[in-house]
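Now for the letters of each chain:
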Amino acid sequence: MDAQGRGRADDIDPADQWVLNPNTGEYELRLAPSAPQSPVPGPRRAASRAGAASRSAGTAAQGAGGAGGGGGAKGAGGANGAVRNRTAAPGRETRQAPGREVPPQRRRRGAPEEPLPGRRSRRPVKKKSKAKKAVLWTGGIMAFVVVAAAAGAYLYIEHLNDNINSVSDDGASTGGFSKDKAINILLIGTDKRTGAGNEKYGDSGSAGHADTTILLHVSKDRSNATALSIPRDLIVDIPDCPTTQEDGSQKVIPGETGVRFNTSLGQEERTPSCTMRTVTELTGIKPDNFMVADFNAVKTLTSAVGGVEVCLAKDIDDPDSKLKLSEGKHVIEGEQALAFVRTRHSVGFGGDLSRIGLQQQFLSALMRKLKSNDTLSSPTKMIKLAEAGTKALTVDSQLDTIDKLKDLGLELGKLNTKNLTFTTVPVIDNPAEKVKTTVVLNDSTAPQVFEAIQNDVSFTEVKQQKQKEAAAVAARLKGTKSDASEVRVQVMNGGAPAGSAQETLTWLQTEEGVDKSENAGNAPASLAKTTLEYAPDQADQARRLADIMGLSGSAMKPGKSVTNSQGLPTMTLTLGKDFKGAGVSLTPSTKAPDVEKSTADKVECAK
């Protein structure tokens, strides 16, 4: 068998080939050039030997060309003429390139095989030890478990997503909560009798009402929150409601005036987005999201956490709600928890306002339980909560995934229960009724409550700002003030009602002596709060105008001046959405009104 038959790898020099010497019967390394070979793996040599062979091959090739070709056998691979390999004549030594070592001769046929120098031999396959097999087997199982767990977690999240029932907000919300802003969530408890066992509570065919409604406000810095209950029997105006129906069609449901608040949901095919619009109309606060809970939510959530603790100042036996409890503390869940939040005839004055107190106590207890280590450290309870929450709640289309609900939960989780205040919209009996069944707003205190929430004012004693920041803001109002006649200002409308800029301008000029003022039209963008921007050398003028307008230090924005129509530097007063009319002070209250309230950290016994 010649060299071509044995094959060679591409990295072996073509001149480095073994051929059979017919005179000796031995395989010898011949140093003549050869034709290209097929790419079949063959013997490999160290790089230094391959390089030497290459150089020897070049020398041999030159010699062959100069002699005009010597006698020899044709190579098998040449297409453009034969490649000749020189063989040694009998009795002559094989020619060798200077400095090259010739490998030992190949064995004759039938001779015992010996490993060739420089040629790789196959190593015997080592059997894996039992210990290594065990490690690999265990590692494989662990890898499978990790992958399976990850897949299981993904599938479970998808399962929770499938549990979530969402309906359109119909453009009634802000578009969803933000992590860097105050949060307003509308919580709606409906009395719709759907679900196993709920038909026994009566009115089983009802479409459901906004039976229990709470506007939850969480401060921007997450240091405090206010849960504002809205009585179901409060007389309100319901605005026109563009609504997405169950079949996907759009319908504008006409508004009504002077009707009960609870008719904002369910009646006339109204959806939660209509309740949201009604709350905005009533309070001036636009919710970010809504959540709707039915009877089952109370039962399943309380069971998921293992019950919540409530307290009664007297025995209760209410045949309407089916609640029967003795005086003192009790842990309630399921049907008993639902009976507790539905009870009204056996507490207080026996009306809806008395029941609101019970509901607030219940929610305080649920909040404490949710934040307790007993719940947070129990995977079983957390899974039950996830199942119960996603099945029992209906959310708006901005909260339709478990990831969004988780993000909201993380924001709410930052709250300290001692700074979560429960209060109720201040109301009085409806003076138009002889038999008092409904209530109306208390005009002396309700606007103050709404304003406090709008301005992110806490109803508990918590630190709202860093001391240095508060001092810096307050300092803007301190110092000398220019005369009103020296104040130069342009007035712009940045979200106030139409005509506010001209109204303010007229008032400043005719009643306050600010003659150097002018109307600059609409601002480039709407602002929530009115601002006054001025250059450092206009601080005296700014303080005078702030005093006239009733601006707070936070409304004053040190910055730069602009040029008025006379080419003189002037300040810019931009009227925001908080503008209430010329001459009405714009200094927001920094203290919440004194109203009846409770906090979530305390257990209070219902009377």
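Structure shown above.
Below or above, wherever it landed, is the structure these notes cover. No experiment lies behind these values; they were computed from the predicted model shown.

1. Observations concerning helix 14 (residues 539-549)
So, point 1. Counting buried positions along helix 14 gives eight out of eleven residues, so the element sits mostly inside the fold.
So, point 2. Summarising the contacts, the buried residues of helix 14 are in contact with strand 22 (489-493), helix 13 (500-511), strand 24 (531-534), strand 25 (556-558) and strand 27 (569-575).
So, point 3. Immediately beyond the C-terminal end of helix 14, within one or two residues, lies Gly550, with a positive phi of roughly 75°.

2. A word on the nonpolar core
So, point 1. Within the largest apolar cluster, 33 residues are counted, with the highest numbers of intra-cluster contacts made by Leu186, Leu228, Ile230, Leu234 and Phe261.
So, point 2. Mapped by element, the contributors of at least two residues to this core are strand 6 (183-190), strand 7 (210-218), strand 8 (225-230), strand 9 (235-238), helix 4 (272-283), strand 13 (289-293) and helix 11 (446-454).
So, point 3. Examining the composition of this core, we find that five residues originate from one element, helix 11, more than from any other.
So, point 4. Ignoring sequence-local partners within four residues, the contact set of Phe261 consists of Ala210, Thr213, Ile230, Pro231, Arg232, Leu234, Val236, Thr275, Thr278 and Val279.
So, point 5. Counting residues in hydrophobic clusters, the runner-up holds 27 residues, among them Val308, Leu312, Ala388 and Ala392.

3. Thoughts on the pairing of strand 13
So, point 1. A large share of strand 13 lies buried, amounting to four of its five residues.
So, point 2. In this structure, strand 6 lies alongside strand 13, joined through five bridges in parallel fashion. Directly across from Ile188, in strand 13, lies its bridge partner Val292.
So, point 3. By the bridge criterion, three bridges tie strand 13 to strand 18 (residues 393-396) in an arrangement that is antiparallel. Looking at strand 18, one finds that Met291 is bridged to Val395.

4. A few points about the sheet that holds strand 6
So, point 1. Across the sheet, eight strands lie side by side as 5-18-13-6-7-8-19-28; this open sheet has mixed pairing. If you trace the sheet from one side to the other, it starts and ends with strand 5 (165-167) and strand 28 (597-599), each paired once. Taken pair by pair, the neighbouring strands of this sheet meet at an average axis angle of 25°, ignoring direction.
So, point 2. Most of the contacts of helix 11 go to strand 8, to which it runs at about 145°, and overall it touches strand 6, strand 7 and strand 8.

5. Thoughts on unusual backbone geometry
So, point 1. A positive phi is found at Glu269, a non-glycine position, where the angle reads about 65°.
So, point 2. Summarising the element assignment, Glu269 is placed in the loop between strand 12 (256-260) and helix 4.
So, point 3. Unlike most non-glycine residues, Lys322 shows phi in positive territory, near 70°.
So, point 4. By secondary structure assignment, the location of Lys322 is in the loop between strand 15 (316-318) and strand 16 (323-325).

6. Thoughts on the pairing of strand 22
So, point 1. Counting buried positions over the five residues of strand 22 gives five, a clear majority of the element.
So, point 2. Taking every second residue as pointing to the same face, both faces of strand 22 are buried, with Val489, Val491 and Asn493 on one and Gln490 and Met492 on the other.
So, point 3. Each parallel crossover has a hand, and the one from strand 22 via helix 13 to strand 23 (residues 517-522) is right-handed.
So, point 4. Pairing geometry for strand 22 and strand 27, over five bridges, is parallel. Looking at the pairing, Asn493 lines up with Leu575 of strand 27.

What counts, and where the lines are drawn
Residues numbered from 1 in each chain as written. Predicted model: local features only at pLDDT ≥ 70, side-chain atom pairs only at ≥ 80, totals over all residues. Heavy atoms only, no water. Buried < 20%, exposed > 50% of the residue type's maximum accessible area, 1.4 Å probe, protein only. Helix = DSSP H or I, 4+ residues; strand = E, 2+ residues; numbered from the N terminus. Contact = heavy atoms within 4.5 Å. Core = buried A, V, L, I, M, F, W, Y, C linked by side-chain atoms within 4.5 Å. Pairing = 2+ DSSP bridges. Axes fitted to C-alpha atoms, helices over the stretch in contact; angles between N-to-C directions. Right-handed = clockwise from strand over helix to strand, strands pointing away.

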